[in-house]
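Survey of secondary and tertiary structure
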Amino acid sequence: MSSTWTLPDDLTVPEPVEFFPAAGEKLPQHWSKCFGCGDDQPAGMAMSFRAGNGLEVTGRLEVAKKYQGGPGVIHGGILSTAFDEAQGMACMALGSPVVTGHLEIDFARPIPLGSVLEFRARIDGVVRRKVYTSAEAVIVEGPTADPDTVVGTSRGLFLTITSEHFAKTKEFVDGEPTSPFGTSSV
Ligand SMILES: CCCCCCCCCCCCCCCC(=O)SCCNC(=O)CCNC(=O)[C@H](O)C(C)(C)COP(=O)(O)OP(=O)(O)OC[C@H]1O[C@@H](n2cnc3c(N)ncnc32)[C@H](O)[C@@H]1OP(=O)(O)O
């Protein structure tokens, strides 16, 4: 399936902020209660991330049995969530919090339960508050592992926000976050 996604002509490619980790280093979670990456979210996906070269990050997801959609394969919504998280984490290179505005996924190959997925996600460029991102996933461990076969791709538009964005919802946070609201990078 070909995508209608197009990058605008006035796209600029930023430099990563100074405090963005060096290639190969672990990225901090952006919010301990996050379903995608939080270590204070028992029901979550516990994704982990490392900085790549330039504006790229790599992420890892273990496809647990509870992520089943069709018989023996990952649920499409789980894969979409993982792409959302990976592309959001790539935006960390900007040093500004973001939320997802638009996300589109191509599901290229079935992904068996028990696989370990690697995501390669990046910022393609920015226009004002709009951050254009893309990503691919490959299976690096499991019955159909092949680091050269892309099993899914994604393109997403993120918008930079200020901390005021979450002011109206902070009272709904579940329990006490390990990093107090406002000190996390959300
Ligand atoms: C120390 C610091 C470290 C920081 C380190 C941070 C790391 C950070 C990691 C985060 C990792 C998270 C990973 C999970 C991320 C989620 O899952 S976030 C949750 C899901 N998303 C949401 O809840 C967002 C809900 N939507 C909204 O709140 C609002 O629609 C938005 C997205 C903020 C946009 O509203 P807005 O701010 O009023 O923007 P608006 O002025 O309407 O539009 C601005 C521009 O964007 C365009 N636009 C807006 N929405 C769209 C759209 N859907 N499609 C196309 N264009 C759009 C507009 O056309 C406009 O374009 P221009 O006129 O500039 O050309």
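Residues take numbers from 1 onward in each chain, read along the sequence in its written order. In keeping with the model being predicted, local features are shown solely for residues with a pLDDT of at least 70 and side-chain atom pairs are shown and tallied solely at 80 or more, while totals for entire chains, interfaces and linings include all residues. The side-chain quantities take in all heavy atoms of the structure and omit both hydrogens and water.

Take the site of the ligand next. Whether a residue is near a molecule or strand is decided by its heavy atoms; if any one of them lies within 4 Å of it, the residue is near. Among the 19 residues in the neighbourhood of the ligand, the closest are listed as Asp-84, Gly-101, Arg-128, Arg-129 and Lys-130. Within the contact set of the ligand, an oxygen atom lies 2.9 Å away from a side-chain nitrogen or oxygen of Asp-84. Polar contacts, as used here, are pairs of N or O atoms within 3.5 Å; protein pairs need one atom able to donate a hydrogen and one able to accept it. Residues neighboring in sequence count only if both atoms are side-chain atoms. Between the ligand and the protein, one listed contact pairs an oxygen atom with a side-chain N or O atom of Arg-128 at 2.7 Å. Protein contact buries 55% of the 1400 Å² of open area that the ligand shows by itself. For the shell around the ligand, the secondary structure elements donating two or more residues are α1 (76-90), β3 (98-107) and β6 (146-160). Broken down by element, the residue count for the shell around the ligand peaks at 4 residues, all from β3. What sets the accessible areas is the Shrake-Rupley method with a 1.4 Å probe; for residues, cover comes only from the shown protein chains. Helix and strand assignments follow DSSP, with helices taken as H or I runs no shorter than four residues and strands as E runs no shorter than two, numbered in order from the N terminus.

Attention now moves to the UniProt feature "domain: Thioesterase" (unreviewed entry) in the protein. Feature annotation in UniProt assigns "domain: Thioesterase" (unreviewed entry) to the following positions: residues 72-141. Secondary structure within residues 72-141 divides into 21% helix and 49% strand; the distance between the first and last C-alpha atoms comes to 16 Å. UniProt positions are given in the numbering used here, feature names are shortened, and annotations may be inferred rather than shown by experiment.

Where two aromatic rings form a pair, the distance of their centres and the angle of their planes describe that pair. Pairing of aromatic side chains here covers Phe, Tyr and the six-membered ring of Trp, requires ring centres within 6.5 Å, and sorts the geometry by plane angle: under 30 degrees stacked, over 60 edge-to-face, intermediate tilted. Overall, the coordinates contain 2 aromatic pairs when judged by the stated rule. Geometrically, the ring pair formed by Phe-83 and Phe-119 is edge-to-face, given 5.1 Å between the ring centres and 90° between the ring planes. Highlighted residues: Phe-83 in helix α1 and Phe-119 in strand β4 (residues 116-127), separated in sequence by 36 residues. Across the pair, Phe-119 and Phe-83 agree in class, each one buried. Partly exposed residues are those whose accessible area sits between 20% and 50% of the maximum for their type, while under 20% is buried and over 50% is exposed, using a 1.4 Å probe and protein chains only.

Now for the sheet that holds β4. What makes two strands pair is DSSP finding at least two bridges between them. What the 6 strands build is an open sheet, ordered β1-β2-β4-β5-β6-β3; its pairing is antiparallel. Strands with a single pairing partner mark the edges of an open sheet, and in this sheet they are β1 (48-51) and β3. Averaged over all pairs of adjacent strands, the angle between their axes in this sheet comes to 25°, without regard to strand direction. Both β1 and strand β2 (residues 56-62) contribute to a ladder of 4 bridges, which runs antiparallel. Residue Phe-49 lies in a different strand from β2, and its bridge partner there is Gly-59. Lines fitted to C-alpha atoms define the axes here, with helix axes fitted over just the stretch in contact, and angles between the N-to-C directions of these axes take values from 0 to 180 degrees.

Once that is clear, we can look at the confidence of the model for the protein. The quantity called pLDDT is the predictor's confidence in a given residue, expressed from 0 to 100. Averaged over all residues, the pLDDT of the protein equals 93, while 94% of them reach at least 70. With a pTM of 0.95, the predicted complex shows an ipTM of 0.96.

Further remarks concern the pairing of strand β5 (residues 130-141). Side chains on a regular strand alternate between the two faces of the sheet. Relative to β5, β4 runs antiparallel, the two being bridged by 11 bridges. Within β5, the residue paired with Leu-117 across the bridge is Ile-139. Connecting β4 to the antiparallel partner β5 that follows it, the hairpin turn spans 2 residues, and Arg-128 within it adopts a positive phi of roughly 50°. Relative to β6, β5 is paired through 10 bridges, and the arrangement is antiparallel. Directly across from Ala-135, in β6, lies its bridge partner Ser-154. The hairpin formed by β5 and β6 contains 4 residues between the paired strands, and Gly-142 there has a positive phi angle of roughly 120°.

Moving on, we get to the environment of Phe-19. Along the chain, the position of Phe-19 falls in the segment before β1. Residues Phe-19 and Gly-95, spaced 76 residues apart in sequence, show a C-alpha to C-alpha distance of 8.0 Å.

Before going further, it helps to examine the nonpolar core. Throughout this description, the term nonpolar core refers to a set of buried Ala, Val, Leu, Ile, Met, Phe, Trp, Tyr and Cys residues connected via side-chain atoms within 4.5 Å. In this structure, Leu-61, Ile-74, Leu-117 and Phe-119 are the most contacted members of the largest nonpolar core, which totals 41 residues. Where this core is concerned, the elements lending two or more residues are β1, β2, α1, β3, β4, β5 and β6. With 7 residues, α1 is the largest single contributor of residues to this core. The contact criterion used is simple: two residues touch if any of their non-hydrogen atoms lie within 4.5 Å. Residues in contact with Leu-117, not counting those within four places in the same chain, are Gly-59, Arg-60, Leu-61, Val-63, Ile-74, Leu-79, Ile-111, Val-138, Ile-139 and Val-151.

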